[in-house]
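Now for the letters of each chain:
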Amino acid sequence: MIQLSDHFNCRRLLRFTAPSIIMMVFTSIYGVVDGFFVSNYAGKTPFAAVNFIYPFLMILGCVGFMFGTGGSALIALTLGMGDKKKANEVFSLIVYTAAVCGLVFALLGFVFVPSVAVLLGADGQLLQDSISYARICLLALPFFILQFEFQCLFVAAEKPKLGLYVTVASGLTNIILDALFVAVFHWGLKGAAGATALSQFVGGVIPLWYFGRENTSLLRLVKCKFDKGVLWKTCTNGSSELMSNVSASLVSMLYNMQLMKYAGENGIAAYGVLMYVCFVFQSVFIGYAVGVAPVIGYHHGAHNQDELKGLLRRNILLIGVFSVLMFGAGQVLAKPLSMLFVGYDKELLQITIHAFMIFSFAFLFSGFAIMGSSFFTALNDGLTSALISFLRTLVFQCAAVLIFPVFWGIEGIWLSIVAAEVMAVLVTVLFLFGKRKRYHY
């Protein structure tokens, strides 16, 4: 069995991170299932509604990534220092806190989702469909948050394969119920939302049951005291991932507003396809970053500087290989993947394929910024990590999507994503170079 304290070459890194990569890819794929069934069995307007309101749901749910990534780094650091009792207390506190946050956010979301949808420009049937889908999904929000959180914490517990099995179980639940509710029973948008909610329940409850009893992992849920210092450190460590996800969701809302202006409902539907595929492709980068972060955190805590240097070099090499493969796949699969979602509408299909060909250039750059942000999170440097994420997912993308369409219309919207990723890589390189003496990597 591979342990956090081991020496990691490229092969061992791939073996250790593979379950996290597969887990994130599988999570993204079953998230796409709603879009596939809704688009092909309910129609273009319900499909646009799912893509229109989903960024709002992600803003509420991504707090799980903050607790998961931030807590995972702190737990790995504590384990590296040899204090297993403290590690279990930190683990328990962040799980309990995330569950409470989920209940509060679900209530707030249920109340404010109509106002949010109107603010974003929805009206008529698009507005009604957006509200219906969101309110059903919000019923499972606490479990959605826990599912995101445990995806990171399984790695810190040295049980990445178990995390993969839970994700597969949740994903299969969503796929089977989507086929049943939408394709067989013809429950449309509400059926898709119900399938998603039930799958999130599965993804959140199984880890609670496992960690709530004696197990063979490094961690389990125990009694703990409220420690604001631990929560503050967890939140600051994970602030980059929170910022990344919140910013990405806000940017998606901005893109939808711009697309409604320049291309109408077809633009939103095309962007929805891009986001589904982007989530699948970038989940490779995210899964790798999640998988390798506890390794970096452990060796940082144990002051193994030579291992840190080797980890950074191998991270850059592996991300480079992934980036080229993702770009090639994007170019080759642009048409078949577009046809999978919107093949029933010729005009929409052409818009989507064209956008896809431009958008895929972003895969050459996005992995490096994701890796850089995660690297600093693992070093417990939440501020630097958050700055990279903030600039990448909010500042650069917002500026580009507001400026580029003025000169190039809808073409500028697709180009803005690529430009933002290029600028994010430049910032990441500057931070890695500037912090090298402080962390000795």
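In this text the structure is predicted, and so the values were computed from the model without any measurement.

**Focus: the pattern of salt bridges**
Consideration 1: The final tally for this structure, using the stated rule, is 7 salt bridges.
Consideration 2: Between lysine 86 and aspartate 227 there is a salt bridge, with its nearest N and O atoms 3.5 Å apart. Taken together, the residues span a long stretch of sequence, with lysine 86 in helix H4 (residues 84-119) and aspartate 227 in the loop between helix H8 (188-211) and helix H9 (228-237) at a distance of 141 residues.
Consideration 3: On the basis of relative accessible area, lysine 86 is assigned to the partly exposed category, the value being 29%.
Consideration 4: On the basis of relative accessibility, which here comes to 27%, the residue aspartate 227 falls in the partly exposed class.

**Side note on the state of the cysteines**
Two cysteines, two sulfur atoms, one covalent bond between them: this is a disulfide.
Consideration 1: Tallied over the entire structure, the rule returns 0 disulfides.
Consideration 2: Lacking any disulfide linkage, cysteine 62 is separated from the closest cysteine sulfur, that of cysteine 101, by 12 Å.

**Comments concerning the nonpolar core**
Consideration 1: Ranked by size, the top nonpolar core spans 133 residues in total, and within it Ile75, Phe91, Phe211 and Tyr441 carry the most contacts.
Consideration 2: If one sorts the elements of this core by residue count, helix H11 (residues 265-301) sits on top with 21 residues.
Consideration 3: Discounting chain neighbours no more than four positions away, the residues touching phenylalanine 91 are Ile75, Phe150, Leu153, Phe211, Leu219, Arg220 and Leu221.

**Thoughts on the confidence of the model for the chain**
Consideration 1: Per-chain confidence: the chain averages 90 in pLDDT, with 99% of residues scoring 70 or above.
Consideration 2: Ranking the helices and strands of the chain by mean pLDDT puts H4 first, with 96, and helix H10 (residues 239-262) last, with 81.

**Observations concerning H11**
Consideration 1: Under the 1.5 Å per step criterion, the end-to-end length of H11 is 51 Å for 37 residues, consistent within 8% with the ideal 54 Å.
Consideration 2: A bend of about 35° at serine 283 is the largest found in H11.
Consideration 3: For H11, the buried fraction is high: 32 of the 37 residues fall into the buried class.
Consideration 4: After H11 finishes, the residue histidine 303 shows a positive phi value of roughly 60°.

**Description of unusual backbone geometry**
Consideration 1: The phi dihedral of asparagine 380 is positive, around 65°, even though this residue is not glycine.
Consideration 2: Relative to the helices and strands, asparagine 380 is located in the loop between helix H14 (363-378) and helix H15 (382-408).
Consideration 3: Residue class for asparagine 380 comes out buried when judged on its relative accessible area of 11%.
Consideration 4: Despite not being glycine, histidine 440 has its phi angle at roughly 60°, a positive value.
Consideration 5: Tracing the chain through its elements places histidine 440 in the segment after helix H17 (436-439).
Consideration 6: The partly exposed category is assigned to histidine 440, whose relative accessible area is 38%.

**Observations concerning the packing of aromatic side chains**
Consideration 1: All told, the structure shown has 28 aromatic pairs when counted by the stated rule.
Consideration 2: On the basis of an interplanar angle of 50° and a centroid distance of 6.3 Å, the ring pair of phenylalanine 150 and phenylalanine 154 is categorised as tilted. Separated by 4 residues within a single helix, phenylalanine 150 and phenylalanine 154 lie in helix H6 (residues 141-156), roughly one turn from each other.
Consideration 3: Given the relative accessible area of 1%, phenylalanine 150 is considered buried.
Consideration 4: You can call phenylalanine 154 buried: its relative accessible area is 2%.
Consideration 5: Through a chain of ring-to-ring contacts, the aromatic side chains of Phe91, Phe150, Phe154, Tyr210 and Phe211 assemble into a single cluster.
Consideration 6: Lying across the ring of tryptophan 209, arginine 213 places its NZ or CZ 4.1 Å from the centre.
Consideration 7: One Lys or Arg, arginine 436, reaches over the ring of phenylalanine 433 and ends 3.9 Å from the middle of that ring.

What counts and what doesn't
- Residues numbered from 1 in each chain as written.
- Predicted model: local features only at pLDDT ≥ 70, side-chain atom pairs only at ≥ 80, totals over all residues.
- Heavy atoms only, no water.
- Salt bridge = Lys/Arg side-chain N within 4 Å of Asp/Glu carboxyl O.
- Helix = DSSP H or I, 4+ residues; strand = E, 2+ residues; numbered from the N terminus.
- Buried < 20%, exposed > 50% of the residue type's maximum accessible area, 1.4 Å probe, protein only.
- Disulfide = S-S within 2.5 Å.
- Core = buried A, V, L, I, M, F, W, Y, C linked by side-chain atoms within 4.5 Å.
- Contact = heavy atoms within 4.5 Å.
- pLDDT = per-residue confidence, 0-100.
- Expected span 1.5 Å × (residues − 1).
- Bend = angle between axes of the 7 residues up to and from the residue.
- Phe/Tyr/Trp six-rings, centres within 6.5 Å; stacked < 30°, edge-to-face > 60°.
- Lys NZ or Arg CZ within 6 Å of the ring centre and 35° of its normal.

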